[in-house]
Amino acid sequence: MSRSTQTTVRIESAAETVFAYLDDHRHLGAHMSASSWMMFGSKMDYEFEAGEARSVGSKFGFRGKILGIAMSADQVVAIRMPPRLKVWETIGAPNLWMIGRYRMGFEIVPQARSCRLRVFIDYDLPDTAPARWLGLIFGNAYARWCTGRMAKDAARSFEKVGARAGPSAQASRKSAEQ
């Protein structure tokens, strides 16, 4: 993947509790399941296999329309190591405007009376125009919005008091040689 971004927050809860909450993709994807300005007032609907994305190999995806244009992505859980790490990635070519194939996940690092949650995404630009052009212009902002919403929404769900949220790193482009 040629591009990457991440957001890190501190959550005053045990790593096991945070992992159990985030292991439910309905919590992680809440920002896409509700109407927002970044989604042009639209929302996506999640679809899950029986395992509900809680085991390696479990498939899930989302579908919807933005400004009347169909959007979708099929995904599979690639790594799941409770209570520390979960990674999922797209299957095939997603039908999205700003980003193409991606690998996304979260990492939880226990700390004294809290934990550090890092939500990350590694992604490519879409393969074809005009989505590729939109990705060049807006992909970075969209990826930051996604990781930021996931991390900050998680922090808010574990009480606003004591939870500090903010980006840990700006989006960065990986070298083409990698």
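Residue numbers here run from 1 along each chain, matching the order of that chain's written sequence. Local features in this predicted model are restricted to residues whose pLDDT is 70 or higher, and side-chain atom pairs enter the listing and the counts only when it is 80 or higher, whereas totals over whole chains, interfaces and linings include all residues. With hydrogens and water set aside, each side-chain value is computed from the structure's full complement of heavy atoms.

Enquirer: In this structure, what is going on with the overall build of the chain? I would like to understand it.
Expert: Where helices and strands are cited, they refer to DSSP runs of H or I of at least four residues and of E of at least two residues respectively, numbered from the N terminus. Tallying secondary structure elements over the chain gives four helices and eight strands in all. In the chain, the succession of α and β elements from N to C terminus is β-α-α-α-β-β-β-β-β-β-α-β. In the chain, which comprises 178 residues, the proportion classed as buried is 44%. Pairs at least 24 apart in sequence give 56% of the contacts found in the chain among residues at least 6 apart. With a 1.4 Å probe rolled over the protein chains alone, any residue whose accessible area is under 20% of its type maximum counts as buried; one over 50% counts as exposed, and the rest are partly exposed. Contacts: residue pairs with any heavy atoms within 4.5 Å of one another.

Enquirer: In this structure, what is going on with the side chain of D122? I would like to understand it.
Expert: Tracing the sequence through the fold places D122 in strand β7 (residues 114–123). Here a polar contact is taken to be a pair of N or O atoms separated by no more than 3.5 Å, where protein atoms must pair a possible hydrogen donor with a possible acceptor and residues adjacent in sequence count only if both atoms sit in side chains. A distance of 2.8 Å separates the side chain of D122 from the side chain of S4, its partner in a polar contact.

Enquirer: Mind showing me how you'd approach the nonpolar core here?
Expert: Looking at soluble globular proteins, one finds that nonpolar side chains tend to be buried together. Within this scheme, the nonpolar core is defined by two criteria: the residues are buried Ala, Val, Leu, Ile, Met, Phe, Trp, Tyr or Cys, and they are joined through side-chain atoms within 4.5 Å. By size, the foremost hydrophobic cluster in this structure holds 38 residues, and its most contacted members are I11, W88, I99, Y102, F106, I108 and L117. Residue assignment for this core shows that the elements contributing at least two residues are β1 (3–11), α1 (15–22), β2 (44–48), β3 (59–66), β4 (69–81), β6 (102–111), β7 and α4 (131–157). It is α4 that provides the largest number of residues to this core, a total of eight residues.

Enquirer: Is there a simple way to explain the pattern of salt bridges in this structure?
Expert: Opposite charge on two side chains permits them to pair, given that their charged atoms come into close proximity. Between Lys or Arg on one side and Asp or Glu on the other, a salt bridge is scored when a side-chain nitrogen of the former is within 4 Å of a carboxyl oxygen of the latter. All chains considered together, the criterion is met by 14 salt bridges. With a closest N to O distance of 2.7 Å, D23 and K86 form a salt bridge. Of this pair, D23 sits in the loop between α1 and α2 (25–28) while K86 sits in strand β5 (residues 85–90), placing them 63 residues apart in sequence. Of the residues examined, D23 reaches a relative accessible area of 4% and is grouped as buried.

Enquirer: What should I look at first to understand the side chain of T7 in this one?
Expert: Following the sequence through the fold, T7 ends up in strand β1. With a relative accessible area of 3%, T7 lands in the buried category. A distance of 3.4 Å separates a polar atom in the side chain of T7 from the backbone nitrogen of G148.

Enquirer: Would you explain α1 in this entry?
Expert: For α1, the full list of buried residues reads A15, V18, F19 and L22. Each buried residue of α1 sits inside an arc of 100° when the element is viewed along its axis, so together they form one side. The outward face of α1, more than 90 degrees from its buried face, is lined by the exposed residues E16 and A20. The arc in question is the one traced by the directions running from the helix axis out to the C-beta atoms.

Enquirer: Can you walk me through the environment of I137 in this structure?
Expert: Of note, I137 is situated in helix α4. With 39 residues separating them along the chain, I137 and M98 place their C-alpha atoms 8.4 Å apart.

Enquirer: What should I look at first to understand unusual backbone geometry in this one?
Expert: Outside of glycine, negative phi angles account for most residues, and trans bonds account for most peptide bonds. Look at the link from P82 to P83: it is a cis peptide, with omega at 0°. Inspection of the secondary structure puts P83 in the loop between β4 and β5. The omega angle of the peptide bond from A129 to P130 is 0°, so this bond is cis rather than trans. Its location among the elements puts P130 in the loop between β7 and α4. Within the chain, A53 stands out as a residue other than glycine whose phi angle is a positive 60°. By secondary structure assignment, the location of A53 is in the loop between β2 and β3.

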